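# Structure at a glance
Next come the chains, spelled out residue by residue.
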Amino acid sequence: MLSVYGTELSSRLMLGTAQYPSPAILADAFAKSNAGIATVSLRRESGQDRAGQDFWSLIQSLGVQILPNTAGCHTVKEAVTTAHMAREVFGTKWIKLEVIGEEDTLQPDVFGLVEAARILSEDGFQVFPYTTEDLVVADRLLNAGCEVLMPWGAPIGSGLGLNNTFGLRAMRAHFPDVPLVIDAGLGLPSQAAQAMEMGFDAVLLNTAVAKAGSPADMAHAFALALEAGRAAYLADPMEPRDMAAPSSPVIGKAFLS
Ligand SMILES: CC(=O)[C@@H](O)[C@H](O)COP(=O)(O)O
């Protein structure tokens, strides 16, 4: 069972709540996904009006843990203020911290991220930082009080999958005991399975499900892929090799041992 900040998570899938065609489709997608966590953007849903309040009631009715996020924040100040609003609205110390640094790629501003993570951790928040695969930044985030890291797979909404498998593998190897969640850029269940096969602990995604022709079916497909990928990781996959190795048995030696 995956544990983050002392809380055991019921599932390795964290699902976003934006861009669904309707509330019913969102609820159906969550039901089919078995997601244990819903991430919600404070900046996109105001909560001041009726529509916002209905949206928050819907999210709370999903029966999953809520991970508010600071999506759309570009400065430390904005992110910290949004985190405070989230704590008040949802009554949780959890915050998925996004400080966006670049508009085309929505790449995190890792300098602002580390600063905001430190401020929020010192203020009692349990921070889930959306970061890159950079090892030095990862180290700084851990020193700032983060107990989980969320490296990007690819730019948000791109559906490109795991853009830098070398960097992500290095991150996994470098921080074997830190929960690592691939966040953003996944477009297909096979990419989520790949992340799990590489030993990542969970994935967070939104667009691939919300924008699918059938969000509920796609959510289900991701759930299956995560299960398969995790099972493969636990089964200790073979090491790939450059050269052929005959798989036909040597006469008189059907088994290796
Ligand atoms: C919902 C949320 O938190 C996004 O900012 C997240 O990073 C998901 O990205 P995708 O939409 O690419 O899955």
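Residues numbered from 1 in each chain as written. Predicted model: local features only at pLDDT ≥ 70, side-chain atom pairs only at ≥ 80, totals over all residues. Heavy atoms only, no water.

Going by an unreviewed UniProt entry, the protein carries the name Thiazole synthase and comes from Halocynthiibacter halioticoli. On record in UniProt, under Catalytic activity (unreviewed entry), the comment for the protein is "[ThiS sulfur-carrier protein]-C-terminal-Gly-aminoethanethioate + 2-iminoacetate + 1-deoxy-D-xylulose 5-phosphate = [ThiS sulfur-carrier protein]-C-terminal Gly-Gly + 2-[(2R,5Z)-2-carboxy-4-methylthiazol-5(2H)-ylidene]ethyl phosphate + 2 H2O + H(+)". (UniProt positions renumbered as here; feature names shortened; annotations may be inferred.)

### Details of the layout of surface pockets
Empty space within the second largest pocket amounts to approximately 470 Å³. For the lining of the second largest pocket, the elements supplying multiple residues, two or more each, are α6 (165–174), α7 (189–197) and α9 (215–234). When residues in the lining of the second largest pocket are grouped by element, the largest group, three residues, is from α6. Counted by class, the lining of the second largest pocket contains nine nonpolar, two polar and seven charged residues. (1 Å grid on protein atoms, 1.4 Å probe; cavity = no way out; pocket = protein on both sides within 12 Å on 5 of 7 lines; lining within 4 Å. Points joined across faces, edges and corners; volume = space filled by probe spheres on them. Helix = DSSP H or I, 4+ residues; strand = E, 2+ residues; numbered from the N terminus. Nonpolar A, V, L, I, M, F, W, Y, C, P; charged D, E, K, R; others polar.)

### Regarding the side chain of Arg12
Along the chain, the position of Arg12 falls in the loop between β2 (7–8) and β3 (13–16). An unpaired buried charge is present at Arg12: no salt bridge exists, and Asp201, the closest side chain of opposite charge, is 4.2 Å distant. A polar atom in the side chain of Arg12 sits 2.8 Å from the backbone oxygen of Asp201. Beyond its immediate chain neighbours, meaning those up to four positions away, Arg12 contacts Met1, Leu2, Met196, Asp201, Ala202, Val203, Leu226 and Arg230. (Buried < 20%, exposed > 50% of the residue type's maximum accessible area, 1.4 Å probe, protein only. Lys, Arg positive; Asp, Glu negative; His and termini not counted. Salt bridge = Lys/Arg side-chain N within 4 Å of Asp/Glu carboxyl O. Polar contact = N/O pair within 3.5 Å; in protein donor to acceptor, adjacent residues only side chain to side chain. Contact = heavy atoms within 4.5 Å.)

### Describing the packing of helix α3 (residues 76–90) against helix α4 (residues 110–122)
In a packed pair of helices, the relevant descriptors are the angle between the two axes and the axis-to-axis distance. In the contact formed by α3 and α4, the axes pass within 9 Å of each other and the chain directions differ by 35°. For the crossing formed where α3 meets α4, the hand is right-handed. Two secondary-structure elements touch here, α3 through Val76, Val80, Ala83 and His84 and α4 through Gly112, Glu115, Ala116, Ile119 and Leu120. By residue class, the composition of the contact of α3 with α4 is six nonpolar, two polar and one charged. (Axes fitted to C-alpha atoms, helices over the stretch in contact; angles between N-to-C directions. Left-handed = near helix turned anticlockwise from the far one by under 90°.)

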